[in-house]
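# What the coordinates show
For reference, the chains in residue letters:
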Amino acid sequence: MPQTKRNVAIIGATGAVGEEMLSILEERNFPIEKLFLYASKNSAGQYKKFQNKEVPVKILNEDSLDDFDSIDIALLSAGTEVSLNIIPKIAERGTVSIDNSNAFRMDPQVPLVVPEVNYEDLVHYSHKNIVANPNCSTVQMVQVLKPIHDAFRIKRVVVSTYQSTSGKGKKAMEELSSQTIALLNQSEVQAREFPHQIAFNCIPHIDRFLENGYTLEEMKMALETKKILHDPGVQVTATCVRVPVFGSHAEAVNIETERKASANDIRELLSQAKGVKVIDDPSQNIYPLNSITTGTDDTCVGRIREDGSIPNGINLWIVSDNLRKGAALNAVQIAQALASEFL
């Protein structure tokens, strides 16, 4: 039976994640009746190709709101301020928003969803006509944590992230490129998108610092993980670092469980997890790499080994394309689920 076609909007259509959303909607043959693209006035006059047609990019403003009387689903990647302003207005008109910002993630009435982990939470979308997309580094981590938590009960997680410049958008990627060229040519380096030079450097600072000494990015990972796993007892501490690569985020994750799990137990468990790919043969120098995950859909995990410093400890290395599974793909998967089962 053919799926009902939906009117779909992308808000933030000219950004890195917005463009990835457009590409994935086409890849996955999402049943679209009419597509609406929105961006800021800086993108006025642009067109984007979709299904062999040129779709105009409209300016998102108060005059655009009437469009949403007929739009079923809006995918947003335009930042927290835009989401806070626009989502309540379009929700009143019946549009369901799938939001990639931090605006509504911790709202108890808004489901925070990774479909492979907590699909059932989508039933709560109707409370506010909003589904929140988790932070990109949280998405890939909880995909791996969920089956481990179900089988062995996780007590504590210590994670250090190695996050690519694409997580901050197109301008950040361009800054890495321009700084690299400048340094190789012994020219002056300009830092605009980051607080320090990013080329040939690592910056332990993503998002703003909070009074507790952590950054907002680090607290997002801790709080979002508890919400997605429905377990406030899981303790999470994070250190988030920006590294000089263009695509995919990597994470070194240390897990302490209630019940003993061997490396082979974890390897077998994760090999059966949906959306997770085990790449783990150190004897052949085989483990997840940014270069092999960028542009793919799976969350890859390797370097699976027991932590001998505690009774029930496991170490993992997780890598995933932050623009795809960490953002655009996860949003489109939510949209597909809503369109087929919930709307």
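The preceding data block contains the structure.
Quantities reported herein were computed from a predicted structural model and do not represent experimental measurements.

### A closer look at the side chain of Asn118
Assignment of secondary structure puts Asn118 in helix 3 (residues 115-118). The class for Asn118 is buried, based on a relative accessible area of 1%. In contact with Asn118, other than residues within four places in its own chain, are Leu112, Val113, Ile228 and His230.

### Overview of unusual backbone geometry
Phi is positive for Gln51, close to 50°, though the residue is something other than glycine. Within the secondary structure, Gln51 sits in the loop between strand 3 (47-50) and strand 4 (53-59). Using a relative accessible area of 37% as the deciding quantity, one classes Gln51 as partly exposed. Even without glycine at this site, Ser248 takes up a positive phi of about 80°. Structurally, Ser248 can be placed in the loop between strand 9 (235-242) and strand 10 (249-257). A residue is classified by how much of its surface remains accessible, and Ser248, at 0% relative accessible area, is buried.

### Some details on the pattern of salt bridges
Taken as a whole, this structure holds 20 salt bridges when the rule is applied. The partner of Arg324 in a salt bridge is Glu20, and the shortest N-O contact between them spans 2.9 Å. With Arg324 in helix 9 (residues 324-342) and Glu20 in helix 1 (residues 16-27), this pair connects stretches of sequence that are 304 residues apart. Of the residues examined, Arg324 reaches a relative accessible area of 5% and is grouped as buried. The closest approach of N and O atoms between Lys220 and Asp207, which form a salt bridge, is 3.2 Å.

Quick notes on the rules
Residues numbered from 1 in each chain as written. Predicted model: local features only at pLDDT ≥ 70, side-chain atom pairs only at ≥ 80, totals over all residues. Heavy atoms only, no water. Helix = DSSP H or I, 4+ residues; strand = E, 2+ residues; numbered from the N terminus. Buried < 20%, exposed > 50% of the residue type's maximum accessible area, 1.4 Å probe, protein only. Contact = heavy atoms within 4.5 Å. Salt bridge = Lys/Arg side-chain N within 4 Å of Asp/Glu carboxyl O.

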